[in-house]
Number of protein chains: 4
Amino acid sequence: MNDHVARPDPTADPDIDPRRLPPHVFRCRVYYEDTDAAGIVYYANYLRFAERARTEALREGGSDHSRIFAETGVALVVRRCTLDYLAPARLDDLLDVETRVAAVRGATIDLLQTVRCGGRDLVRIEVRLVAMTRDGRPTRIPASVRAVLAGSQTPDIKNAERNQDRGMEHHG
Amino acid sequence: MNDHVARPDPTADPDIDPRRLPPHVFRCRVYYEDTDAAGIVYYANYLRFAERARTEALREGGSDHSRIFAETGVALVVRRCTLDYLAPARLDDLLDVETRVAAVRGATIDLLQTVRCGGRDLVRIEVRLVAMTRDGRPTRIPASVRAVLAGSQTPDIKNAERNQDRGMEHHG
Amino acid sequence: MNDHVARPDPTADPDIDPRRLPPHVFRCRVYYEDTDAAGIVYYANYLRFAERARTEALREGGSDHSRIFAETGVALVVRRCTLDYLAPARLDDLLDVETRVAAVRGATIDLLQTVRCGGRDLVRIEVRLVAMTRDGRPTRIPASVRAVLAGSQTPDIKNAERNQDRGMEHHG
Amino acid sequence: MNDHVARPDPTADPDIDPRRLPPHVFRCRVYYEDTDAAGIVYYANYLRFAERARTEALREGGSDHSRIFAETGVALVVRRCTLDYLAPARLDDLLDVETRVAAVRGATIDLLQTVRCGGRDLVRIEVRLVAMTRDGRPTRIPASVRAVLAGSQTPDIKNAERNQDRGMEHHG
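Since the model is a prediction, treat every value here as computed from it, not as a measurement. (Residues numbered from 1 in each chain as written. Chains lettered and ligands numbered in written order. Predicted model: local features only at pLDDT ≥ 70, side-chain atom pairs only at ≥ 80, totals over all residues. Heavy atoms only, no water.)

Draft legend 1. Geometry of the overall build of chain A. Assigned secondary structure in chain A consists of four helices and five strands. Relative to its full complement of 172 residues, chain A shows a buried share of 52%. Pairs at least 24 residues apart make up 69% of the contacts formed inside chain A by residues separated by at least 6 positions. (Helix = DSSP H or I, 4+ residues; strand = E, 2+ residues; numbered from the N terminus. Buried < 20%, exposed > 50% of the residue type's maximum accessible area, 1.4 Å probe, protein only. Contact = heavy atoms within 4.5 Å.)

This is the structure we're talking about:
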C-alpha cells in the first residue's frame, strides 16, 4: 500500500480527508516482558504496542471502542497487517508509536503506524481495520469513529478542499 | 501450605482422597516468546505453563472447563498462588509440569504444580482454585470436576480407606 | 507475494526446490492465555504460534536455531510479515499451523504459514526471514538450514529437475 | 508476611527504614492484550504490571536495573511471590500499582505491591527479590539500590530514629 501518492479513489469517504488529521503519537517503555532471549523486543509484541496506540488515538479523539461496541454492536477488527522490521527495540527503550490514517472507505480504515526510538524508525506497520457487526459481517464505520477520523474540519471546508485536492500528494 | 503432613481437616471432602490421584504431567517446550532479555523464561510465564497443565489434567480426566461453564455457569478461578523460583528455564528446554492435588474442600481445590527440566525442580507453584458462579460467588465444585478429582475410586473403597487413613502422611 | 505461479527467479537458490518440500504441520491448542476479552485469539498471538511452528519445522528437519547461532553466529530473523485474518480461533480450538517454503534466495527465505482449525483457514501469514550475523548484517543462509530446505533431494536429481521445471506452477 | 507490625528483625538492614519510604504508585491502562476470554485480566498478567511498577520505582529513585547490572554484574531477581486475587481488573480499567518496601536484609528485599482500581484493591502481591551475581549466587544489594531504598534519610537521622522506633508499628 503506497500512502505517499494520492490516486483518486472512488471508494474513499468524501467527508474524511486523512491529510488533515495530525498524526497521533503514543509513548511507551520497553520492559523485560517485551523482550526475548535475543536481547530485543519479541517480534509479535510490536502489535501490542500498535494496539495501545490505536486505542489511545481513539480515546483522545473523543471516542471509545468499548462504548462504541456497547452502543452499536460494531467493533473495529484488524483484517490485515504488514510489519516491516527495520531495526530492533531494546530493554528500557522509550518508544514513540505514531499513527497516521492512510485511507478511509465505507467499512474500512487503513492506518500506517511507525514505532520509533530516538527519532529512528524501527518498525513500520500497515493495518487495515474493518467495522464488523456482532455476527461477523462488515458494516459501515460508526459515526463516532468517523467523527474522530474527520478531525476538526467542518463540512463546508471539506467540500471546498475536496474539489481542489483531487490528485495531489497524499501525506497520510 | 504444607502438603507433606496430613493434619485431620474437618473441611476436607470425605469422598475425595488426593493421595489416590496419580500426579498429572504436561510437557511443553520453551520458545523465544517465553524468554526475556535475561536469557531465561520470564517470571510471569510459568503461570501460563501451569494453566495449560491444569487444563490438560482436567481434559484427560474426562472433564472440560468450557463445557462445565456452559452447563453449570461455574468456573474454577485462581484465588491465590505462590511461586518459588529455584532455577531458571531456558530457550529450547523441554519442561514437565507436574500437577498434584493437595487438598479438596467444598468450594476449593489446592494444587501443587512443579515445573521440572531434566528431572530438576525449577519452579514450585501452589495454587488455590475456587469454584465461582457467574455473579462471582463461591459455590460447590461441580460434579464433573469432583469425579476427576476422585480418580478411579469407587465409593466403597473410599469409605474403607477414609477410616484407616486419617492422620497419615499426605503425599499430595 | 504470489506463491502460486513460478516466475523464473534469477536470485533463487538453484539447489533448493521448494516444490519438493512437503509442508510441515505443527499442532497447538488455544488456551486462556491466547485469548482476549473479545472471546477470540488476540491478533498478535498468531505470530507466537507461527514461531513455534518454524522452530519445530527446523528441529524436525534435523537443525536447531540455537545450535546454528552458537556454531556460526548466524540467526534467522523476521524481516517482514503479513497477516491476513480470515476467521478467528477460539478458546480450546486445536490448531494446525502449516509451514510451506515459498522461495529461497542467498540470504532470505520466504515462507507461507497457514493457521487452520478443522480444515478451515483462519489466518494466512507470509514471512520473510533473513540470515543475519551478530553485528546485524545479512549473510548467506547457513549450510545446516539449507540442508533442511533442500529436503531429501540429491544434487543430481535437483539439477535434472531444475532444467525441466522452470516456468511451471509453484506450489510452495 | 505481616507488614503491619514491626517485630525486631536481627537480619534487617540497620541503615534502611522501610517506614520512611513513601509508597510508589505506577499507573497503567488495561488493554485487549491483557485480557482473556473470561472478560478479565489474565491472572499471569498482574506480574507484568508489577514488574513495570518496580522498574519505574527504581528509575524514579535515581537508579536503573540495566546500568546496575552493567556496572556491578548484579541483578535483582524474583525469588518468590504470592498473589492474592480479590477482584478482577477489566478492559479499559486504569490501574494504580502501589509498591511498598516491607523489609530489607543484606541480600533480599521484600515488597508488597497492590493493584488498585478506583480505590479498590484488586490483587495483592508479595515479592521477595534477591540480589544475584552473574553466576547465580546471592550477593549484597548494590549500593545504588540501597540508596533508593533508604529514601532521603541521612545516616545521622537514621541512627537517631533507629533507637527510638524499635517495636513501633510498621507501615511498610
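Having seen the structure, we can now continue with the description.
Draft legend 2. View of the relation of the copies chain C and chain A. Superposing chain C onto chain A requires a rotation of 180 degrees together with a translation of 0.0 Å along the rotation axis, leaving an RMSD of 0.0 Å. Both copies of the chain, as the preceding transformation shows, are related through a two-fold rotation axis. Minimal C-alpha separation from the rotation axis in chain C is found for C:Thr82, amounting to 2.1 Å. A shared binding surface is used by both copies, with 100% of the interface residues of chain C retained as interface residues in chain A. (Least-squares fit on C-alpha atoms with pLDDT ≥ 70 in both.)

Draft legend 3. Highlighting the interface of chain B and chain D. Across the boundary between the two partners, chain B contributes 17 residues, which contact 17 residues of chain D. Roughly 1,700 Å² is buried in total at the junction of chain B and chain D, and carbon and sulfur atoms are behind 51% of that figure. Of all residues in chain B, B:Tyr43, B:Arg79 and B:Tyr85 give up the largest surface area on contact with chain D, accounting jointly for 32% of the area buried on that side. For the interface between chain B and chain D, the tally reads four salt bridges. (Buried area = accessible area lost by both parts, 1.4 Å probe. Salt bridge = Lys/Arg side-chain N within 4 Å of Asp/Glu carboxyl O.)

Draft legend 4. Just the interface of chain C and chain A, in detail. Between chain C and chain A, the contact holds 17 residues from the first and 17 residues from the second. For the pair chain C and chain A, the two sides together bury roughly 1,700 Å², of which 51% comes from carbon and sulfur. Inspection of the region where chain C meets chain A yields four salt bridges. Among the ionic pairs, C:Arg80 bridges to A:Asp84, the shortest N-O distance being 2.8 Å. Between the two partners, chain C and chain A, sit 15 residue pairs in polar contact (both at pLDDT 80 or more). Elements with a contribution of two residues or more to the side of chain C that touches chain A: helix 1 (46-60) and strand 2 (75-85) of chain C. Broken down by element, the side of chain C that touches chain A gets its largest block of residues, eight residues, from strand 2 of chain C. Partitioned by chemical class, the residues of the side of chain C that touches chain A number ten nonpolar, one polar and six charged. As judged from the five bridges shared by strand 2 (residues 75-85) of chain A and strand 2 of chain C, these two strands associate in the antiparallel manner. When the sheet's bridge partners are listed, A:Cys81 is paired in strand 2 of chain C with C:Leu83. (Polar contact = N/O pair within 3.5 Å; in protein donor to acceptor, adjacent residues only side chain to side chain. Nonpolar A, V, L, I, M, F, W, Y, C, P; charged D, E, K, R; others polar. Pairing = 2+ DSSP bridges.)

Draft legend 5. Representation of helix 3 (residues 143-150) of chain B. Among the residues making up helix 3 of chain B, those that are buried are B:Val145, B:Arg146, B:Val148, B:Leu149 and B:Ala150. Phi for B:Gly151, located one or two positions after helix 3 of chain B, is positive at around 65 degrees.

Draft legend 6. The arrangement of the side chain of C:Thr35 in detail. Relative to the helices and strands, C:Thr35 resides in the loop between strand 1 (24-29) and helix 1. C:Thr35 sits in the buried class, given a relative accessible area of 2%. Engagement of the side chain of C:Thr35 in a polar contact is seen with the backbone oxygen of C:Tyr32, the distance being 2.8 Å. A distance of 2.8 Å separates the side chain of C:Thr35 from the backbone nitrogen of D:Ala37, its partner in a polar contact.

Draft legend 7. Fine view of the packing of aromatic side chains. What the rule picks out here adds up to 16 aromatic pairs over all chains. Members of the aromatic cluster, connected to one another through ring pairs, are A:Tyr42, A:Tyr43, A:Tyr46, A:Phe49 and A:Tyr85. Residue placement shows D:Arg134 over the ring face of D:Phe69; its charged tip is 4.8 Å from the ring centre. (Phe/Tyr/Trp six-rings, centres within 6.5 Å; stacked < 30°, edge-to-face > 60°. Lys NZ or Arg CZ within 6 Å of the ring centre and 35° of its normal.)

Draft legend 8. Examining the pattern of salt bridges more closely. All names here are of chain A. Counted by the stated rule, this structure contains 68 salt bridges over all chains. Glu98 is the partner of Arg100 in a salt bridge, and the nearest nitrogen-oxygen pair spans 3.0 Å. The class of Arg100 is partly exposed, set by a relative accessible area of 27%. Looking at Glu98, the relative accessible area reads 9%, which means it is buried. Through salt bridges with shared partners, a single ionic network connects Glu98, Arg100, Arg116, Asp121 and Arg124.

Draft legend 9. Quick peek at the sheet that holds strand 1 (residues 24-29) of chain D. Pairing in this open sheet of ten strands is antiparallel, and the strands run 1(B)-3(B)-4(B)-5(B)-2(B)-2(D)-5(D)-4(D)-3(D)-1(D) from one edge to the other. At either margin of the open sheet sits one strand with a lone partner, and together these are strand 1 (24-29) of chain B together with strand 1 of chain D. Averaged over all neighbouring strand pairs, the angle between strand axes comes to 25 degrees, with direction disregarded. Here strand 3 (residues 94-104) of chain B runs beside strand 4 (residues 108-117) of chain B; their pairing, made up of eight bridges, is antiparallel. Paired with B:Val104 across the two strands is B:Ile109, which belongs to strand 4 of chain B. (Axes fitted to C-alpha atoms, helices over the stretch in contact; angles between N-to-C directions.)

Draft legend 10. Focus on the side chain of A:Thr82. Along the chain, A:Thr82 turns up in strand 2. Taking relative accessible area as the criterion, A:Thr82 reaches 5% and is therefore assigned buried. For A:Thr82, the residues in contact, after removing those within four places along its chain, are A:Arg124, A:Ile125, A:Glu126, C:Arg80, C:Cys81 and C:Thr82.

Draft legend 11. Quick peek at the pairing of strand 4 (residues 108-117) of chain C. Residue and element names in this part refer to chain C. In terms of burial, strand 4 is largely enclosed, as eight of its ten residues are buried. A loop of three residues connects strand 3 (residues 94-104) with strand 4, the two strands running antiparallel in sequence. Between strand 4 and strand 5 (residues 120-132), which pair antiparallel and follow one another directly, the connecting turn spans two residues, one of which, Gly118, has a positive phi of 55 degrees.

Draft legend 12. Expanded view of the environment of C:Ala12. Residue and element names in this part refer to chain C. Topologically, Ala12 is positioned in the segment before strand 1. Ala12 sits 94 residues away from Gly106 along the chain, and the two C-alpha atoms are 7.3 Å apart. Beyond its immediate chain neighbours, meaning those up to four positions away, Ala12 contacts Val104 and Arg105.

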